[in-house]
Amino acid sequence: DTGVSQNPRHKITKRGQNVTFRCDPISEHNRLYWYRQTLGQGPEFLTYFQNEAQLEKSRLLSDRFSAERPKGSFSTLEIQRTEQGDSAMYLCASSPRTDPTRTQYFGPGTRLLVL
Amino acid sequence: GQSLEQPSEVTAVEGAIVQINCTYQTSGFYGLSWYQQHDGGAPTFLSYNALDGLEETGRFSSFLSRSDSYGYLLLQELQMKDSASYFCAVRGSGGSYIPTFGRGTSLIVHP
């Protein structure tokens, strides 16, 4: 098992463009989370999937953000009409169904810079 | 909602012991976790406390007092590689028990 992977690792885009990030969780983990982290802050929760179902979304997740996990494996996070305020590290984490503590296993993140 | 308070920065010398405190407010409580994050890296899990008391894992220990809504991470025999940010995270009764993270404490270890 190689852990949680995320692609791309870095993304530079112009304001107004759409971007899509991918997350591949640890294979036996059915729970998947997206977070956003800015400099000097902790990870802020964006959305949560259990298998393919999106069970929770943060108020931070505006209508420009959408996430999918179509087959309960990998997930994508899309940001439409990007704004400079979207510049951040986007982290994906997963955890197994059998872990009641919800320990988060994080991927390396995708660093987004919106010009 | 949930909120956490932890110091923004702590400095110490190699070989010393340092304690990073975390106070939290939450509706319902299901556990307090600690994560380490090096610059440019991903957060990695260190420890979890659901019940009062001390949990020890090698050089790191974590303590919880539910009555005081307080916990701390204790790092012993500090090494230069311990320089990193440390986040406490609390699981409350909201939603799917997803952890809420504090803003993090930057630990700087000097030789």
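Some words on unusual backbone geometry
Trans peptide bonds make up most of the peptide bonds, and negative phi angles are found at most residues other than glycine. Residues and elements named next belong to chain A. Each neighbour pair has its own omega, and for Asn7 with Pro8 the value is -10°, a cis peptide bond. The backbone of Arg102 sits at a positive phi, close to 60°, despite the residue not being glycine. Structurally, Arg102 can be placed in the loop between β9 (88-95) and β10 (105-106). When its relative accessible area of 12% is taken as the criterion, Arg102 is described as buried.

Some points on the sheet that holds strand β1 (residues 3-5) of chain B
Residue and element names in this part refer to chain B. The 5 strands are arranged β1-β3-β8-β7-β6 in an open sheet whose pairing can be described as antiparallel. Among the strands making up the open sheet, the edge pair consists of β1 and β6 (53-57). Neighbour-to-neighbour, the strand axes of the sheet open up by a mean angle of 20°, direction not taken into account. Bridge count for β1 against strand β3 (residues 18-25) is 3 bridges, and the pairing is antiparallel. Bridge pairing in β3 places Glu5 opposite Thr23.

Calculation criteria
Residues numbered from 1 in each chain as written. Chains lettered and ligands numbered in written order. Predicted model: local features only at pLDDT ≥ 70, side-chain atom pairs only at ≥ 80, totals over all residues. Heavy atoms only, no water. Helix = DSSP H or I, 4+ residues; strand = E, 2+ residues; numbered from the N terminus. Buried < 20%, exposed > 50% of the residue type's maximum accessible area, 1.4 Å probe, protein only. Pairing = 2+ DSSP bridges. Axes fitted to C-alpha atoms, helices over the stretch in contact; angles between N-to-C directions.

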